[in-house]
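# Structural characterization, general
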Amino acid sequence: MTIRDEHRETPDMGEMERGTPQRLAARNQMWGIAWTALSVLLAIWSLAWAVGAARGSTNAWVYCFVGLVLLACALWARRSVIRNSPPRRL
């Protein structure tokens, strides 16, 4: 048996039809990645405006505060996605 034959016999991911556990897990993973990326972007945005406020830019504190509020919302949504995901089985 060659290595190529061994790879052909490995089980695939399974059906990705509506309502299957694989599809639900993929959807939860996608939402977790999306909320994490948004949280990182908002953290960078808030930090950049905080630096601008320290340098004396006009209205920078307002943008920093709005960024922090949006960051808190994104982190809450990310926590909810992780908390509501089905348990992983090893």
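It should be noted that the structure appears before, not after, this text.
As a starting point, this report considers the structure included with it. (Residues numbered from 1 in each chain as written. Predicted model: local features only at pLDDT ≥ 70, side-chain atom pairs only at ≥ 80, totals over all residues. Heavy atoms only, no water.)

What follows concerns the packing of helix H2 (residues 21-55) against helix H3 (residues 60-84). For the pair H2 and H3, the least separation of the axes is 8 Å and the interaxial angle reads 160°. In this view, H2 runs roughly antiparallel relative to H3, as classed from their interaxial angle. Between H2 and H3 lies a crossing whose hand is left-handed. A class-by-class count of the residues in the contact of H2 with H3 yields 21 nonpolar, seven polar and one charged. (Axes fitted to C-alpha atoms, helices over the stretch in contact; angles between N-to-C directions. Helix = DSSP H or I, 4+ residues; strand = E, 2+ residues; numbered from the N terminus. Parallel < 35°, antiparallel > 145°, perpendicular 65-115°, else oblique. Left-handed = near helix turned anticlockwise from the far one by under 90°. Nonpolar A, V, L, I, M, F, W, Y, C, P; charged D, E, K, R; others polar.)

Taking 1.5 Å per residue as the helical rise, H2 with its 35 residues ought to reach 51 Å, and the 51 Å between its terminal C-alpha atoms agrees with that figure. Of all the residues in H2, the buried ones are Gly-32, Ser-39, Leu-42, Ser-46, Gly-52 and Ala-53. The inward-facing, buried residues of H2 abut H3. Once H2 finishes, Gly-56 follows within two positions and takes phi at roughly 100°, a positive value. (Expected span 1.5 Å × (residues − 1). Buried < 20%, exposed > 50% of the residue type's maximum accessible area, 1.4 Å probe, protein only. Contact = heavy atoms within 4.5 Å.)

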